[in-house]
Structure formats: structure tokens, C-alpha cells
Amino acid sequence: MRVLVAGATGVVGHPLVGALRARGHEVSALVREESRAPEEADRVVVADALDREAVLAAVAAARPEVVVHQLSALRLLRDDPPEAFARTARLRTEGTAHLVEAARAAGARRLVAQSVAFAAAPAGPRVLDEDAPLYLDAPDPGWAATVRAVAELERRVTDGDLEGVVLRYGTLYGPGTAYARDGGTGQRVLAGKFPLPEGGAGITSFLHVEDAVGAAVAAVESEATGRFHVTDDEPAPAAQWLPHYARALGAPPPRTIPAALAPRLFGWFMAHQLTTARGAANDRARTTLGWKPRRPSWRDRLGRE
Ligand SMILES: NC(=O)c1ccc[n+]([C@@H]2O[C@H](COP(=O)([O-])OP(=O)(O)OC[C@H]3O[C@@H](n4cnc5c(N)ncnc54)[C@H](OP(=O)(O)O)[C@@H]3O)[C@@H](O)[C@H]2O)c1
């Protein structure tokens, strides 16, 4: 198939280009700077995703049957979190609108887009499925805005006349991510600056980057549509994964702090993740998408690469 990958220089997008090629697909990489395009791509098209005309022209030139949306600006999280969230929200709203319009105009059949598995409201069981309500009324205005942008991306991808697939990735770990040894979270844990809020009851569903790539390949090749949690099989409370992660990194054991101090220390979202967040069940991706994680538990590799 002819597949276009938007975000082809990213932590997921770059290896995805090679993985799709290895499956025999003809892959176009949509990038902002030609010089950074992955060598494995059959074709390179250049556009800023926020520039509608440029996106229309780039996608038309690639004539894809399937468009894959792996755009985010979360790489900026380490240096400038407000900008990372604001720009990612624009990529989720405007960027998605441009890609949907361009995909339709170019005659594409299918659209596969990256979303997140940790935008649900923290109510009900400890692990939620895809039908759980999103946290649109989160008390933090920044997170509420992020969740609104996630909801808009998901609506734009699944409501139109394209076959739409939303891959709600869990918390990514592995090379190039925040949880890698040299990533923002890894460095903070190594420095002993990532304490455990008392109880540590917030649940995280992790996902190794290789599994994010594998799920995107499965979604390109499947005929299934809809929203899918793409997460490992072991949603875990912070009280479990954080000490394990610190040990695997060779970091000091995290000290415990009163939960009420967590928002000031971590910012609202990370405090929520560590104290009240729910996990995400991957049953639908297994049964409908035919995908399962090759790394079913974070225990093997988290903190080791
Ligand atoms: N589920 C999760 O936990 C989760 C989800 C997403 C991301 N993250 C974190 O975010 C980091 C990155 O992961 P990722 O793969 O989503 O993102 P990424 O590696 O930053 O890749 C994002 C892609 O979007 C492209 N892009 C950004 N703005 C663009 C624009 N205006 N026009 C065209 N392309 C644009 C980037 O291109 P350029 O190279 O030109 O910037 C890059 O190819 C990791 O550290 C990961 O841990 C976590």
C-alpha cells in the first residue's frame, strides 16, 4: 500500500517508516525539514502541519491510500512544558483538520492517528476501557485544554467518511522517550528528584516504543476502525512502578512525600498520574485490531535503556 507518515522524524514515526517498508509498503515521509527525513522512506514530502496549503500539496504529491498521523510537540516538554502542550494542542486540532482534508482530497481511504490512553476521567474501576468519559472537566485548565484537543482529534479522525483509527498510546518508554535513562523523567529519578506521593495509587499503563510502532503497522493493515487503547498488559500503581524504575536505573530509592505536596512539585498532570489516574485496558486492540504487545510488562525494560 502507499502510506504517508506525518511526523516521520519522531520517536514513533521514524522507526515506523522502516517497519512499514519492511512489510512491503511504499512509504512517503512528511517532514518539516527535508534534510532530517528518514533514509528508509521511498519519498519525502515537505510541509509544516499547521500550514493548510502546504499539507494539501504535500499529501496530494504522495497520493497515499493510508495516512498516519504521528504529530506532536511533546519533545519540548523537557524545556518548555506550556509551549509543548499548546503546540501539541494545535497539532491535534488544526494539524488533524489539515491532514483529514488533505487525505480526502488525495483520495486516501484510511487515516490512523496517535492519541493518548491517559485522558480519561478518574472515576469507576482502576482500569478503564475506551468508552470511559474523557476528563474534559479536569480541575487544571491546562490539562482540560489538552483533553479537549485530544477529543477533537479523535472526533475528526473517526467521524468523517475516511476509515478512521485512533491509537491511544500508553505512557511511552524506551529509547528516545522521557523514561529513557537520558530522558527528562529518567534524569530526574537518577538525581533523586522524583519522590513518591504517599500511597502512590495513580495507575500508569505503559507502552514500549517498539509496540507503538507495531500497533501503527497493524492499524494500517487492518480494516478495523475506532478508538483503541494501545498499552501493555500490566497497568500499575506508582507505588509499584516507581521504585522498580529507580532500581533499574541504579537511582536512589524514591523518598515518600505527602500527597498534597505533589502538584507543587510535579505540576498538576504528573501529580494526577501518580495519585489518582486510572489505567487503560487493551482488550479491544487485541480482539479487533489483532495487535498485542511484544513487551507485555514494563518490568523487563523500564529503566534499562
Ligand atoms: N503516550 C505518551 O506517553 C506520549 C505520547 C506522545 C509523546 N510522548 C513523549 O513525547 C516524546 C515524543 O514522542 P512522539 O513520537 O509523539 O513525538 P516526537 O518524537 O516529538 O515526534 C513528533 C513528530 O511531529 C513532528 N512535528 C512537530 N510539529 C510539526 C509541525 N508543525 N509540522 C510537521 N511536523 C511536525 C516532528 O517533526 P520535527 O522533527 O520537525 O520536530 C516529529 O516528527 C517522547 O519523549 C514521548 O515520551 C509521550
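Residues numbered from 1 in each chain as written. Predicted model: local features only at pLDDT ≥ 70, side-chain atom pairs only at ≥ 80, totals over all residues. Heavy atoms only, no water.

So, the packing of aromatic side chains: which residues are in play, and what are the values?
In the structure shown here, the tally under the stated rule is 13 aromatic pairs. Each ring, one from Tyr135 and one from Trp268, has its centre 6.0 Å from the other, and the planes form 50°; the classification is tilted. Separated by 133 residues along the polypeptide, Tyr135 in the loop between β6 (127–128) and α4 (141–159) and Trp268 in helix α9 (residues 268–275) bring together distant segments of the chain. Of the residues examined, Tyr135 reaches a relative accessible area of 12% and is grouped as buried. For Trp268, a relative accessible area of 22% puts it in the partly exposed group. Aromatic pair Tyr179 and Tyr245: ring centres 5.6 Å apart, planes at 40°, arrangement tilted. Taken together, the residues span a long stretch of sequence, with Tyr179 in the loop between β8 (171–173) and α5 (184–190) and Tyr245 in helix α7 (residues 238–249) at a distance of 66 residues. Across this residue pair, the class does not change: Tyr179 and Tyr245 are buried. (Phe/Tyr/Trp six-rings, centres within 6.5 Å; stacked < 30°, edge-to-face > 60°. Helix = DSSP H or I, 4+ residues; strand = E, 2+ residues; numbered from the N terminus. Buried < 20%, exposed > 50% of the residue type's maximum accessible area, 1.4 Å probe, protein only.)

Residues and numbers for the site of the ligand, please.
The immediate surroundings of the ligand are formed by 26 residues, with Thr9, Val11, Arg32, Arg36 and Gly170 found nearest. Note that a nitrogen atom of the ligand is positioned 2.6 Å from one of the backbone N or O atoms of Gly170. Here the ligand has 880 Å² of accessible area as a free molecule, and 92% of this is covered by the chains. Residues that form the shell around the ligand fall into these classes: twelve nonpolar, ten polar and four charged. (Near = heavy atom within 4 Å. Polar contact = N/O pair within 3.5 Å; in protein donor to acceptor, adjacent residues only side chain to side chain. Areas by Shrake-Rupley, 256 points an atom, 1.4 Å probe, with all protein chains shown as cover. Nonpolar A, V, L, I, M, F, W, Y, C, P; charged D, E, K, R; others polar.)

Before we move on, could you go through the side chain of Thr88 and cite the residues and values that matter?
Residue placement: Thr88 occurs in helix α3 (residues 81–105). The exposure class of Thr88 is buried, given its relative accessible area of 1%. Side-chain polar atoms of Thr88 contact the backbone nitrogen of Leu74, separated by 3.5 Å. Dropping the residues within four chain positions of it, Thr88 is found in contact with Ser72, Ala73 and Leu74. (Contact = heavy atoms within 4.5 Å.)

Describe the sheet that holds strand β12 (residues 226–230), naming the residues involved and giving the relevant values.
Across the sheet, which stays open at both edges, the seven strands sit in the order β3-β2-β1-β4-β5-β7-β12 with parallel pairing between neighbours. Of all the strands in the sheet, the pair left with one neighbour each is β3 (43–46) and β12. For this sheet, the mean inter-axis angle between neighbouring strands, taken without regard to orientation, is 20°. Taken together, the five bridges between strand β1 (residues 2–6) and strand β2 (residues 26–31) define a ladder with parallel strand orientation. Bridging from a neighbouring strand, Ala6 pairs with Leu30 of β2. (Pairing = 2+ DSSP bridges. Axes fitted to C-alpha atoms, helices over the stretch in contact; angles between N-to-C directions.)

Which residues make up the packing of helix α2 (residues 52–62) against α3, and what values go with them?
Look at α2 against α3: their axes get within 9 Å of each other, and the N-to-C directions meet at 35°. Every pair of crossing elements has a handedness; the one defined by α2 and α3 is right-handed. Residues Arg52, Val55, Leu56 and Val59 of α2 touch α3, and the partners they reach there are His98, Leu99, Glu101, Ala102, Ala103 and Ala105. Split into classes, the residues belonging to the contact of α2 with α3 amount to seven nonpolar, one polar and two charged. (Left-handed = near helix turned anticlockwise from the far one by under 90°.)

Describe α2, listing the residues and the values that go with them.
Within α2, the full set of buried residues consists of Ala54, Val55, Leu56, Ala58, Val59 and Ala62. Residues of α2 that are buried sit in contact with β1, β2, β3 and α3. Measuring from the backbone nitrogen of Glu53 back to the side-chain oxygen at the start of α2 gives 3.3 Å, which picks out Asp51 as the cap. Taken from the residues just after α2, Arg63 is the one with a positive phi, measuring 45°.

Break down helix α1 (residues 13–22) for me, citing the residues and quoting the values.
Considered for burial, the residues of α1 that qualify are Gly13, Leu16, Val17 and Leu20. One face of α1 carries all of its buried residues, which in axial projection span an arc of 105°. Buried residues along α1 sit against β1, β2, β4 (66–69) and α6 (209–221). At the exit of α1 stands Gly24, carrying a positive phi of roughly 90°. (Arc of directions from axis to C-beta.)

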